[in-house]
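Residue strings, one per chain:
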Amino acid sequence: MMACRGTDLFSEIDMLRAELLHNVEVTADCQRVEEEISQQDVLTRIENIILGIVTSLSKDEAPVLALPNRSSWANVSFDSAIGLQMSSGSSVTTIRSDCALSVAKFAQILKILLVIYRLIQSNSYATKRDIYYNNTQLFGSQKTVDGIVDDISCMLKVPRRSLHVLATCKGLISGDLCYMEEDGTRIDCNSSSAVSSINSRNKLAPLTAVAVSSNIDGIRNIVSCAKFVLIVEKDATFQRLLDDDFCTKLSPCIIITGKGVPDVNSRLMVRKLWDTLHIPIFALVDADPHGIEIMCIYKYGSVAMSFEAHSLTVPSVMWLGLLPSDLQRLRVPEDALIPLTRTDENKLTSLLKRPYLTSQPDWQKEMELMQQTKVKAEIQSLAAIGPDYLTNIYLPNKLRYGGWV
């Protein structure tokens with residue numbers, strides 16, 4: 001059993017947790033309205049789609065599939081307790097079987113529906129990679145399969161996990177956390193033997209991280225005394241925290257990375273930790289528009305996955321760093337700062353127009369400061385102050401004194 005200990009270091013975090021728990025009680029009714037969908041329900045919905053196709057053919061009409069448009073902001077609404085969610089009357093994209101431009105996608109959707117139907121019937125699972133290699137000529141690329149699986153999930157109005165299709169996860173997690181996988185495997189994220197399979201070849205590095213599970217819904221018996229979860233934007237920073245033994249220095253805590261733009265499993269894991277532990281979740285990202293957008297995906301979700309907002313977003317996520325105001329406050333050397341590109345400026349302008357920014361005035365101020373100074377910085381820029389500044393001074397002080405927004 002992992003030891004639970006508390007120090008003055010966590011007094012501000014404890015106060016934040018009390019505030020978050022109060023908000024959870026207030027918004028409990030609207031936080032989670034998702035209902036469990038049985039396997040038979042999913043099979044019936046697939047059968048209804050096939051029945052529609054057969055009916056069209058019997059009438060000598062070309063079958064058409066209607067997919068909700070997952071790329072339009074016009075199809076999304078914002079709820080502060082949930083994040084970005086797909087509107088009930090969202091527009092659709094029609095995939096026609098008699099159109100040269102869409103006939104291939106029509107066939108691809110039917111093929112994947114067939115695979116999903118058989119998986120659910122046999123109560124077995126497959127990865128998206130398995131589906132791709134089932135017929136590489138038909139699909140052409142892994143990206144095609146990935147997109148269609150999400151389209152089907154949205155079309156059937158079921159969570160992707162209900163399709164029995166798993167995605168290979170790229171995320172890593174470490175710290176004061178134990179849980180049991182669906183197959184009974186006990187995972188200890190604090191064990192030196194729990195080395196990510198991705199990095200296990202590197203015998204020299206004292207890695208203490210595990211790959212995020214590919215079946216988050218199957219995780220059971222979560223045990224943790226962690227005071228907070230730290231989302232780390234980039235793998236390089238995550239590995240640096242591991243090398244500097246961050247989880248021991250600020251024990252008990254949990255750190256997780258989706259290695260850039262997070263995959264669905266990494267987002268599901270963060271949400272699972274929030275639902276189970278109800279502890280503060282902080283984000284450590286670069287002080288640039290790309291890092292801010294990644295943090296927003298964890299907090300408020302994305303347009304493409306807005307149909308699954310209830311299980312993916314964590315609106316309580318706090319921005320710990322790197323803040324644009326930190327660059328001035330800490331006097332980060334100018335040669336460690338990077339001028340904003342035109343693309344950066346356009347991204348920043350776009351972010352400031354997002355519906356959720358109106359509820360985050362402190363975030364707005366930070367982003368407007370970036371606009372004014374016209375510079376950005378990576379987390380690694382703190383090394384210009386001192387090689388161990390990030391783990392020995394910056395993060396401990398931020399967490400001790402409440403330096404988040």
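Residues numbered from 1 in each chain as written. Predicted model: local features only at pLDDT ≥ 70, side-chain atom pairs only at ≥ 80, totals over all residues. Heavy atoms only, no water.

**A look at the overall build of the protein chain**
When its secondary structure is counted, the protein chain shows 15 helices and 17 strands. With the C-alpha coordinates of the protein chain rotated into their principal frame, the extents come out at 70 × 50 × 45 Å. When the 405 residues of the protein chain are sorted by exposure, 52% land in the buried category. Long-range pairs, those at least 24 residues apart, make up 78% of the contacts in the protein chain with a sequence separation of at least 6. Between the centroid of the 41 positive side chains of the protein chain and the centroid of its 46 negative side chains there is a distance of 3 Å. (Helix = DSSP H or I, 4+ residues; strand = E, 2+ residues; numbered from the N terminus. Buried < 20%, exposed > 50% of the residue type's maximum accessible area, 1.4 Å probe, protein only. Contact = heavy atoms within 4.5 Å. Lys, Arg positive; Asp, Glu negative; His and termini not counted. Charge placed at Lys NZ, Arg CZ, Asp CG, Glu CD.)

**Observations regarding helix α10 (residues 289-300)**
With 12 residues, α10 extends 16 Å from end C-alpha to end C-alpha; this agrees with the ideal 16 Å at 1.5 Å per step. Listed as buried for α10 are P289, G291, I292, E293, I294, M295, C296, I297, Y298, K299 and Y300. Of the residues flanking the end of α10, it is G301, one or two places downstream, whose phi is positive at about 95°. (Expected span 1.5 Å × (residues − 1).)

**Here's the deal with the packing of α10 against helix α13 (residues 342-352)**
One can describe the packing of α10 onto α13 by two numbers: an axis separation of 9 Å at closest approach and a directional angle of 35°. Between α10 and α13 the crossing geometry is left-handed. Residues P289, I292 and E293 of α10 form the contact with α13, whose participating residues are D344, K347, L348 and L351. Considered class by class, the residues forming the contact of α10 with α13 number 4 nonpolar, no polar and 3 charged. (Axes fitted to C-alpha atoms, helices over the stretch in contact; angles between N-to-C directions. Left-handed = near helix turned anticlockwise from the far one by under 90°. Nonpolar A, V, L, I, M, F, W, Y, C, P; charged D, E, K, R; others polar.)

**Describing the sheet that holds strand β14 (residues 281-284)**
Strand order in the open sheet made by the 6 strands is β10-β7-β13-β12-β14-β15, with mixed pairing throughout. Strands at the two margins of the open sheet, each flanked by one partner only, are β10 (210-211) and β15 (318-321). Two elements, strand β7 (residues 172-175) and β10, share 2 bridges in a ladder whose sense is antiparallel. Of the residues in β10, the one forming a bridge with L172 is A211. Where helix α9 (residues 264-277) meets the sheet, its contacts fall on β7, β12 (229-232), β13 (254-257) and β14, and the angle it forms with β13 comes to roughly 155°. (Pairing = 2+ DSSP bridges.)

**Digging into the confidence of the model for the protein chain**
The predicted structure's coordinates, where accompanied by low pLDDT, should not be read in detail. On average, residues of the protein chain carry a pLDDT of 87, and 91% of them reach 70 or more. Taking the mean pLDDT of every element in the protein chain, the minimum, 71, falls on helix α1 (residues 11-31) and the maximum, 97, on β14. A low-confidence stretch, residues 28-34 stays under pLDDT 50, and its non-local contacts, those more than four residues away or across chains, total 15 contacts. (pLDDT = per-residue confidence, 0-100.)

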